[in-house]
Amino acid sequence: MAPRIGYLLPTRERVMEGRPQTGPLLALAERAEALGFDSVWVGDSLLARPRHDPLTLLAAAAARTQKVQLGTAVFLPALRNPVVLAHQLATLDQISEGRLVLGAGIANDLPNIRAEFAAAGVPFEGRVGRMMEGLRLCRAVWTGKPVDWHGRWPVESGMLAPSPYRSGGPPIWMAGSVRPAIERAGKYFDGWFSIEPSLAGWSEQLAQVQQVVREAGRHVGEFAAAIYVTLVIDEDASRAEQRLDSFLENYYGQPAAMMRRRQACFAGPAAGAAEFLKGFADAGASHMIVRFAGDHERNLETLTRLRAQLSG
């Protein structure tokens, strides 16, 4: 079965380029849907890597599309009050009529991300527990029934309305490659995705998370397994490599070689990109979230032509 293909809107890139207008971004979401992409995704950051607010932008994208899933890759729940977040997500799920996927993570331990947490008034240490409790609270208030909660956020007979469009709320996919993240995803959430650079490493992690799912008494067939990749498609392989290095260094402010060791990336001709993606498809990826480095219109069309090569 061919994997579902998602497209990451270039919110961070457009802000870096001094082109924050949302009209072109929403047009890209419409174009991706018209070309047959299965989902459209938006990243999250407050100050560490400034970009558009993901939930606000996805609400606009929901109004401009009809079929594609709409997701966050990845959202940082620990930065938000979960009662406020639950209300926002429930409303967004209603706007999109059940097309929302919450991709969530804990954030890397980097100085600018620690500063982001401090600016939001959230302690960086303990962010895992904060995220987990916050998401449990979201799910509790999504039932539409009165909730009493005794924890970080005391709730007394709190009742949220509207409830999400989908019963139980939007699916939550947990990001991460280390064993604790894999355990969390398999035990408690609806899917998992990683940016693991090596196919062998991703395949090993997939086997681990599926084992956790089984041991938790859950169904592997109902659990999403995704890979997040960065692509530079150019028939000039040398030029593609240079473009990828430049993109990674500008985006993260760190050496490209370091980022390539941390993230799934491909730079080169279209045939090579198809082979790269097919490796993950054959290994069991149910979803692929693709971030393009440059020329999004052309790359969207190129990847559309390559999709037939990803199955079989």
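Further up the page is the structure itself.
None of the values given here were measured: they were computed from a predicted structure.

Here is what the cut-offs are and how they apply
- Residues numbered from 1 in each chain as written.
- Predicted model: local features only at pLDDT ≥ 70, side-chain atom pairs only at ≥ 80, totals over all residues.
- Heavy atoms only, no water.
- Helix = DSSP H or I, 4+ residues; strand = E, 2+ residues; numbered from the N terminus.
- Rg over C-alpha atoms; globule rule 2.2 N^0.38 Å.
- Buried < 20%, exposed > 50% of the residue type's maximum accessible area, 1.4 Å probe, protein only.
- Contact = heavy atoms within 4.5 Å.
- Areas by Shrake-Rupley, 256 points an atom, 1.4 Å probe, with all protein chains shown as cover.
- Lys, Arg positive; Asp, Glu negative; His and termini not counted.
- Charge placed at Lys NZ, Arg CZ, Asp CG, Glu CD.
- Axes fitted to C-alpha atoms, helices over the stretch in contact; angles between N-to-C directions.
- Parallel < 35°, antiparallel > 145°, perpendicular 65-115°, else oblique.
- Left-handed = near helix turned anticlockwise from the far one by under 90°.
- 1 Å grid on protein atoms, 1.4 Å probe; cavity = no way out; pocket = protein on both sides within 12 Å on 5 of 7 lines; lining within 4 Å.
- Points joined across faces, edges and corners; volume = space filled by probe spheres on them.
- Nonpolar A, V, L, I, M, F, W, Y, C, P; charged D, E, K, R; others polar.
- Salt bridge = Lys/Arg side-chain N within 4 Å of Asp/Glu carboxyl O.

Caption draft 1: Quick look at the overall build of the protein chain. Of the regular secondary structure elements, the protein chain holds 12 helices and 11 strands. Against the globule reference of 20 Å for 312 residues, the protein chain gives a C-alpha radius of gyration of 19 Å, in line with a compact fold. When the backbone C-alpha atoms are referred to their principal axes, the protein chain occupies close to 60 × 45 × 40 Å. Here the protein chain holds 312 residues, and 54% of them are scored as buried. The long-range share in the protein chain, meaning contacts at least 24 apart out of those at least 6 apart in sequence, stands at 70%. If you sum the accessible surface of the protein chain, you get close to 13,200 Å²; carbon and sulfur atoms cover 53% of it. When the 34 positive and 32 negative side-chain charges of the protein chain are each reduced to one mean point, those points stand 2 Å apart.

Caption draft 2: Looking closely at the packing of helix α8 (residues 199-215) against helix α11 (residues 270-283). Here α8 crosses α11 at 20 degrees, and the two axes come no closer than 10 Å. The angle between α8 and α11 falls in the class roughly parallel. When you trace α8 past α11, the crossing you get is right-handed. Judged by residue contacts, Leu 199, Trp 202, Ser 203 and Leu 206 of α8 engage Gly 279, Phe 280 and Ala 283 from α11.

Caption draft 3: Just the environment of Phe 75, in detail. Topologically, Phe 75 is positioned in the loop between β3 (69-72) and α4 (82-95). Note: C-alpha distance between Phe 75 and Phe 117 (42 residues apart in sequence) is 13 Å.

Caption draft 4: Layout of the layout of surface pockets. Taken as a whole, the largest pocket holds about 900 Å³ of empty space. If you trace the largest pocket, you find 33 residues lining it, with Arg 49, Val 74, Ala 107, Asn 108 and Ile 195 closest to the centre. The set of elements that each furnish at least two residues to the lining of the largest pocket consists of α5 (111-119), α7 (179-188), β8 (191-194) and α9 (237-252). Split into classes, the residues belonging to the lining of the largest pocket amount to 17 nonpolar, 9 polar and 7 charged.

Caption draft 5: Broad picture of the environment of Leu 28. Note on placement: Leu 28 falls in helix α2 (residues 22-34). A sequence separation of 167 residues divides Leu 28 from Ile 195, and the C-alpha atoms of the two residues are 23 Å apart. Aside from chain neighbours lying at most four places away, what touches Leu 28 is Tyr 7, Leu 9, Pro 10, Arg 14, His 296, Glu 297 and Leu 300.

Caption draft 6: Quick peek at the packing of α7 against α8. Packing of α7 against α8 brings their axes to within 8 Å, and their N-to-C directions diverge by 45 degrees. One finds that α7 runs oblique with respect to α8. The two elements α7 and α8 meet at a crossing, and its hand is right-handed. Two secondary-structure elements touch here, α7 through Arg 179, Ile 182, Glu 183, Ala 185, Gly 186 and Lys 187 and α8 through Gln 205, Gln 208, Val 209, Val 212 and Val 213. Grouping the amino acids of the contact of α7 with α8 by side-chain chemistry returns 5 nonpolar, 3 polar and 3 charged.

Caption draft 7: Focus on the pattern of salt bridges. Applying the stated criterion across every chain yields a total of 20 salt bridges. One salt bridge connects Asp 93 with Arg 166, and the closest N-O pair in it is separated by 3.6 Å. A residue pair is termed long-range when its members are at least 10 positions apart, and Asp 93 in helix α4 and Arg 166 in the loop between β6 (155-158) and β7 (172-175) qualify at 73 residues.

By themselves, these observations are geometric and do not establish any function.
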